[in-house]
Structures are given as C-alpha cells and as structure tokens.
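Survey of secondary and tertiary structure
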Amino acid sequence: MNQLNYLNASFTRLNDSWQRFFISSLKYELISIDSTLSKIANNATILPQKELIFEALIKTKLEDVSVVILGQDPYHGTNEANGLAFAVNNDIKTPPSLKNILTELKNEYPDIPTICTSNLLLRWAEQGVLLLNTSLTVIENQANSLANIGWDVITSRIIEKINNYHTHTVFILWGAFAQKKASIINQSKHLILKAPHPSPLSAYRGFFGCNHFKLTNEYLLHHNKQPISWLQL
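The residue numbers shown here count from 1 along each chain, following its written sequence. Predicted model: local features are reported for residues with pLDDT of at least 70 only, side-chain atom pairs are reported and counted for 80 or more only, and whole-chain, interface and lining totals are derived from all residues. Side-chain calculation: all heavy atoms of the structure are included, whereas hydrogens and water are not.

With that settled, the discussion passes to the overall build of the protein chain. Secondary structure elements are defined from DSSP: runs of H or I of at least 4 residues count as helices, runs of E of at least 2 residues count as strands, and each element is numbered from the N terminus. In terms of helices and strands, the protein chain carries 9 helices and 6 strands. Against the 2.2 N^0.38 benchmark of 17 Å for 233 residues, the protein chain shows a C-alpha radius of gyration of 17 Å, consistent with a compact globule. Residue burial is assigned from relative accessible area. The probe radius is 1.4 Å, only protein chains are included, and a residue is buried under 20% of its type maximum, exposed over 50%, and partly exposed in between. A buried classification covers 52% of the 233 residues belonging to the protein chain. Using the Shrake-Rupley algorithm and a 1.4 Å probe, accessible areas are obtained, with residue cover drawn only from the displayed protein chains. Approximately 10500 Å² of the protein chain is accessible, and the part contributed by carbon and sulfur atoms is 47%. Only C-alpha atoms enter the radius of gyration, while the globule expectation follows 2.2 Å times N to the 0.38, with N the number of residues.

A word on the packing of aromatic side chains. Whether two aromatic rings pair depends on their centres lying within 6.5 Å, for rings of Phe, Tyr and Trp, where Trp uses its six-membered ring; planes under 30 degrees apart make the pair stacked, over 60 edge-to-face, and the rest tilted. Across all of its chains, the model carries 13 aromatic pairs by this definition. With centroids separated by 5.0 Å and ring planes inclined at 85°, the aromatic side chains of Trp-124 and Trp-230 adopt a geometry described as edge-to-face. Of this pair, Trp-124 sits in helix α6 (residues 122–126) while Trp-230 sits in the segment after α9 (212–222), and the two are 106 residues apart along the sequence. Trp-230 carries the same exposure label as Trp-124, and that label is buried. Between the aromatic rings of Tyr-204 and Phe-208, the centroid separation amounts to 4.9 Å while the plane-to-plane angle is 65°, which identifies the pairing as edge-to-face. Taking relative accessible area as the criterion, Tyr-204 reaches 74% and is therefore assigned exposed. According to the relative accessible area criterion, Phe-208 is partly exposed, its value standing at 21%.

What follows concerns the packing of helix α3 (residues 27–40) against helix α7 (residues 151–165). Angle between the axes and distance between the axes: these two values describe a pair of packed helices. Lines fitted to the C-alpha atoms define the axes, with helices restricted to the stretch that makes contact. Angles between their N-to-C directions range from 0 to 180 degrees. Put simply, α3 and α7 touch, their axes get as near as 10 Å, and they point 145° apart. Of the two possible hands of crossing, α3 and α7 adopt the one that is left-handed. Residues Glu-29, Leu-30, Ile-33 and Leu-37 of α3 form the contact with α7, whose participating residues are Trp-151, Val-153, Ile-154 and Arg-157. Any residue outside Ala, Val, Leu, Ile, Met, Phe, Trp, Tyr, Cys, Pro, Asp, Glu, Lys and Arg is labelled polar, Gly included; the first ten of those are nonpolar and the last four are charged. For the contact of α3 with α7, the per-class residue count stands at 6 nonpolar, no polar and 2 charged. Should the near helix be turned anticlockwise from the far one by less than a right angle, the crossing is termed left-handed; should it be turned clockwise, right-handed. In what follows, a contact means two residues having at least one pair of non-hydrogen atoms within 4.5 Å.

So, on to unusual backbone geometry. Between Leu-47 and the following residue, Pro-48, the backbone shows a cis peptide bond with an omega angle of -5°. Within the chain, Asn-141 stands out as a residue other than glycine whose phi angle is a positive 65°. Counting through the fold element by element, Asn-141 comes out in the loop between β4 (138–139) and α7. Judged by relative accessible area, which is 54%, Asn-141 ranks as exposed.

Moving on, we come to the sheet that holds strand β6 (residues 191–195). Whether parallel or antiparallel, the strands of a sheet pair through hydrogen bonds between backbone atoms. Strand order in the open sheet made by the 4 strands is β3-β2-β5-β6, with parallel pairing throughout. A single partner strand is all that each edge strand has here, and the edge strands are β3 (129–133) and β6. The average undirected angle you get between the axes of adjacent strands in this sheet is 15°. The sheet strands contacting α7 are β2 (67–71), β3 and β5 (170–174), and the helix crosses β3 at an angle near 155°. A pair of strands is considered paired only if DSSP assigns at least 2 bridges between the two.

Glancing now at the pairing of β5. A regular strand carries its side chains on alternate faces of the sheet. The buried count for β5 comes to 5 of 5 residues, which makes it a mostly enclosed element. Burial of the side chains of β5 extends over both faces: Val-170, Ile-172 and Trp-174 are buried on one face and Phe-171 and Leu-173 on the other. Where β5 and β6 come together, 5 bridges link them in parallel fashion. Bridge pairing in β6 links Ile-172 to Leu-193.

Counting 73 residues, the largest nonpolar core has Phe-22, Phe-54, Ile-69, Trp-124, Trp-151, Ile-158 and Trp-230 as the members making the most contacts within it. Apart from residues no more than four positions distant in its own chain, Ile-158 is found in contact with Trp-18, Phe-21, Phe-22, Leu-57, Leu-130 and Leu-132. Nonpolar cores were defined as sets of buried Ala, Val, Leu, Ile, Met, Phe, Trp, Tyr and Cys residues, with membership established by side-chain atoms within 4.5 Å.

Pasting the structure below:
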C-alpha cells in the first residue's frame with residue numbers, strides 16, 4: 001500500500017490474504033496509525049522494529065489460524081519485542097510473563113521430563129497459533145504507551161475476521177485488555193478461554209492452573225481439528 005511510510009516495511013511482508021483484508025477493511029485506519037508512528041519515531045524508539053510490527057500475521061496466515069493467544073502490548077524493554085505476543089528471540093533473557101507461561105505449560109504436562117525452552121514460540125505460530133497483542137507497538141520503556149493510536153480498532157477487526165472466517169477456533173484471552181475482545185467473538189461457534197495476564201502482578205490470581213493448553217487441545221480434537229504440539233516451542 002503506497003500510502004504507508006513507517007508501516008510499509010512490515011506490511012509488504014504480509015501474505016496476500018492479510019494484505020487484501022487490510023486494504024479492503026482498514027486502509028484509512030492504517031494510514032492514520034502510520035502517520036502517528038512516523039511523527040513519534042522522530043523523538044522516541046518504537047518497538048518492535050518497523051519490519052516486525054505485523055510479524056504475528058506474517059508467521060500465521062489467516063487460512064491457518066486455529067488458536068489465537070491475545071495479550072496486551074509488546075514488551076517495552078530494549079530488544080525484547082519481536083512482533084509475536086509473549087515471545088522474545090532466543091538470545092534475549094526470558095521475560096517474567098514468558099517464564100510464567102512456560103511454568104504453566106510444565107504444570108499442565110508434568111509427566112513430560114523436559115520441555116524445549118525456545119523463547120521464540122515460532123513452532124506455535126507455524127502450527128496456527130496467532131500470537132497477537134491488542135496493541136502492536138509500544139514506546140521503549142513505556143508500557144502500553146501506544147494503546148490509543150488506533151491499534152484497538154485494527155486488532156478488533158482482525159479478531160472479527162477470524163471469527164467470521166473460521167469455525168471452532170480457540171481464543172485465549174490473557175488479561176483485561178484481551179478479555180475486552182470477548183464481546184466480538186461468537187461463542188456459539190468458537191471457544192473463549194479467559195485468565196489473568198501471566199505477568200508476576202497477576203499470574204497467581206488465576207493464570208496458574210488455568211489449564212488453557214490442555215483445554216485448547218481437547219476442544220480442537222473434539223471438533224476434528226489438529227491439536228497444538230505445545231511442547232514444540
């Protein structure tokens with residue numbers, strides 16, 4: 001889309017189905033966000049880097065989505081955000097939220113002697129797990145700083161598209177920001193799983209013990225869909 005400047009490097013990496021969706025449904029919203037980010041970038045560092053903003057959609061095609069894990073916004077620490085919700089590159093120290101996710105995973109599968117602890121979570125994305133945040137950018141060292149520039153509309157439309165395009169998708173909503181999206185999901189054709197955010201501030205309020213990984217696979221199997229190999233990170 002030639003009207004984009006800041007977002008163009010990531011937008012052009014999207015596959016055709018996601019590009020067509022944005023152009024037909026969200027063209028002007030993207031242009032507005034692009035203009036805002038271009039101005040902010042003159043005085044602040046925006047994360048993730050511009051080539052990775054749509055990385056979740058690049059790694060998981062619309063046609064392949066079977067599970068959506070929805071978080072809040074990208075990690076705001078230096079070099080942490082890589083465009084996939086909750087993931088970091090393997091050379092980055094494991095953030096507390098991701099540590100808690102891996103702890104819950106281990107608790108759900110206690111009989112598995114070892115778990116591959118790749119922080120990238122790329123194998124999840126390749127299996128159809130869309131690792132999406134409600135906001136796709138953040139200012140470095142300022143959590144949730146770009147939540148109000150229009151991303152909420154973008155991510156709501158993405159969820160609505162998946163809701164309409166697929167049946168029997170699992171929507172995993174971790175935290176209050178993610179759970180606000182429940183109202184736009186058709187609960188008669190999809191499964192919604194809710195839990196507190198896995199951050200240290202809230203993980204002990206119900207994230208631990210949520211059993212979402214096992215519940216997801218039980219639902220997928222029940223509807224003759226391929227379960228996720230969660231232990232392949």
